[in-house]
Amino acid sequence: MKRNITGFHRDRLGDWVADLDCGHSRHMRHNPPLANRPWLNSETERIRMLGVELDCQTCDDLAAARVPANHPGRRIAEAVRGEALRAAVEAYQHAKMSGLCQEGAWDLALDAIKHLDLDSILDRLPES
Ligand SMILES: [Zn+2]
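Residues numbered from 1 in each chain as written. Predicted model: local features only at pLDDT ≥ 70, side-chain atom pairs only at ≥ 80, totals over all residues. Heavy atoms only, no water.

### Notes on the overall build of the chain
- If you tally the helices and strands in the chain, you get 5 helices and 4 strands.
- Walking the chain from its N terminus toward its C terminus, one meets helices and strands in the order β-β-β-α-β-α-α-α-α.
- Element-wise, carbon and sulfur atoms account for 54% of the exposed surface of the chain, whose accessible area totals about 8,600 Å².
- Averaging the positions of the 17 positive and the 20 negative side-chain charges in the chain gives two centres separated by 3 Å. (Helix = DSSP H or I, 4+ residues; strand = E, 2+ residues; numbered from the N terminus. Areas by Shrake-Rupley, 256 points an atom, 1.4 Å probe, with all protein chains shown as cover. Lys, Arg positive; Asp, Glu negative; His and termini not counted. Charge placed at Lys NZ, Arg CZ, Asp CG, Glu CD.)

Next comes the structure, spelled out in structure tokens:
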């Protein structure tokens with residue numbers, strides 16, 4: 001679902017995240033050759049991107065969901081998915097920068113998912 005960019009912030013690892021008008025967000029990384037977005041490092045260019053449409057995967061997921069959007073487990077599921085993606089991408093990029101082959105980088109990315117710190121994810125979720 002197309003949503004407009006309303007702003008940008010950095011996550012706790014320093015990666016840029018686009019804020020969308022639906023209230024969701026989307027990571028915007030500049031990590032060539034996987035993601036080539038040199039404009040992210042310029043405040044002027046980020047301001048120029050305000051109002052531009054991006055696909056919101058979370059809105060797509062909610063629209064297609066069999067389970068109601070307010071299901072009590074949805075926040076946890078979304079947090080785990082987000083953390084798994086972050087850990088896999090970070091491990092993959094680190095492996096490639098360290099000179100590992102594609103297969104080695106994938107192994108490390110999968111290891112990062114296998115060793116996710118679930119307590120840490122749950123600690124960051126607001127109590128409800
Ligand atoms: Zn959304």
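### With respect to the coordination of the zinc ion
- All of the protein donors around the zinc ion are Cys 22 (SG), His 24 (ND1), Cys 56 (SG) and Cys 59 (SG); their distances to the metal are 2.1 to 2.3 Å.
- Geometry at the zinc ion is tetrahedral, judged from its 4 donor atoms and the angles of 103 to 116° they form at the metal.
- We classify Cys 22 as partly exposed; its relative accessible area is 25%.
- The class for Cys 59 is buried, based on a relative accessible area of 8%. (Donors = N, O, S within 2.8 Å, 3.2 Å for Na, K, Ca; no water. Tetrahedral: all angles 85-135°; square planar, octahedral: opposite > 155°, others 65-115°. Buried < 20%, exposed > 50% of the residue type's maximum accessible area, 1.4 Å probe, protein only.)

### Let's talk about the domain arrangement of the chain
- When its domains are assigned, the chain resolves into domain 1 (1-64) and domain 2 (70-128).
- Placing a centre on the C-alpha atoms of domain 1 and another on those of domain 2 gives a separation of 19 Å.
- Where Arg 81 meets Asp 61, a salt bridge forms, and the shortest distance between an N and an O atom there is 2.7 Å.
- Taken together, domain 1 and domain 2 are joined by 1 residue pair in polar contact (both at pLDDT 80 or more).
- When grouped by side-chain class, the residues that make up the side of domain 1 that touches domain 2 number 3 nonpolar, 2 polar and 3 charged. (Domains from an automatic or database assignment. Salt bridge = Lys/Arg side-chain N within 4 Å of Asp/Glu carboxyl O. Polar contact = N/O pair within 3.5 Å; in protein donor to acceptor, adjacent residues only side chain to side chain. Nonpolar A, V, L, I, M, F, W, Y, C, P; charged D, E, K, R; others polar.)

### A few points about the packing of aromatic side chains
- Scanning the entire structure with this criterion turns up 2 aromatic pairs.
- Arranged with centres 6.0 Å apart and planes meeting at 70°, the rings of Phe 8 and Trp 39 form a pair that is edge-to-face. With Phe 8 in strand E1 (residues 2-10) and Trp 39 in the loop between strand E3 (25-28) and helix H1 (43-49), this pair connects stretches of sequence that are 31 residues apart.
- Across from the ring centre of Trp 16, 3.9 Å away, lies the NZ or CZ of Arg 46, which sits over that ring. (Phe/Tyr/Trp six-rings, centres within 6.5 Å; stacked < 30°, edge-to-face > 60°. Lys NZ or Arg CZ within 6 Å of the ring centre and 35° of its normal.)

### Concerning a negative patch on the surface
- A contiguous patch of negative charge, built from Asp 117, Asp 119, Asp 123 and Glu 127, is present on the exposed surface.
- Of note, Glu 127 is situated in the segment after helix H5 (118-124). (Patch = residues over 30% accessible without salt bridge, like charges linked within 9 Å, V, L, I, M, F, W, Y side chains within 5 Å.)

### Regarding the pattern of salt bridges
- The full count for this structure, using the stated rule, is 8 salt bridges.
- Two residues, Glu 83 and Arg 86, come together in a salt bridge whose shortest N-O distance is 2.6 Å. Linking Glu 83 with Arg 86, this pair stays in helix H3 (residues 74-97), spanning 3 residues, or about one helical turn.
- What makes Glu 83 buried here is its relative accessible area of 12%.
- With a shortest N-O distance of 3.0 Å, Arg 124 and Glu 83 are connected by a salt bridge.

### Brief notes about the nonpolar core
- Counting residues in hydrophobic clusters, the biggest one holds 11 residues: Ile 5, Phe 8, Trp 16, Ala 18, Leu 20, Met 28, Trp 39, Leu 40, Leu 54, Cys 56 and Cys 59.
- Core analysis: the second largest hydrophobic core is formed by 5 residues, Ala 88, Tyr 92, Ala 95 and Ala 105 among them. (Core = buried A, V, L, I, M, F, W, Y, C linked by side-chain atoms within 4.5 Å.)

### Description of the packing of H3 against helix H4 (residues 102-114)
- Interaxial distance between H3 and H4 falls to 8 Å at its minimum, and their mutual angle equals 150°. It follows that H3 is roughly antiparallel to H4 by the angle criterion. For the crossing formed where H3 meets H4, the hand is right-handed. Contact residues: Ala 84, Ala 87, Ala 88, Ala 91, Tyr 92, Ala 95 and Lys 96 in H3; Gln 102, Ala 105, Trp 106, Leu 108, Ala 109, Ala 112 and Ile 113 in H4. (Axes fitted to C-alpha atoms, helices over the stretch in contact; angles between N-to-C directions. Parallel < 35°, antiparallel > 145°, perpendicular 65-115°, else oblique. Left-handed = near helix turned anticlockwise from the far one by under 90°. Contact = heavy atoms within 4.5 Å.)

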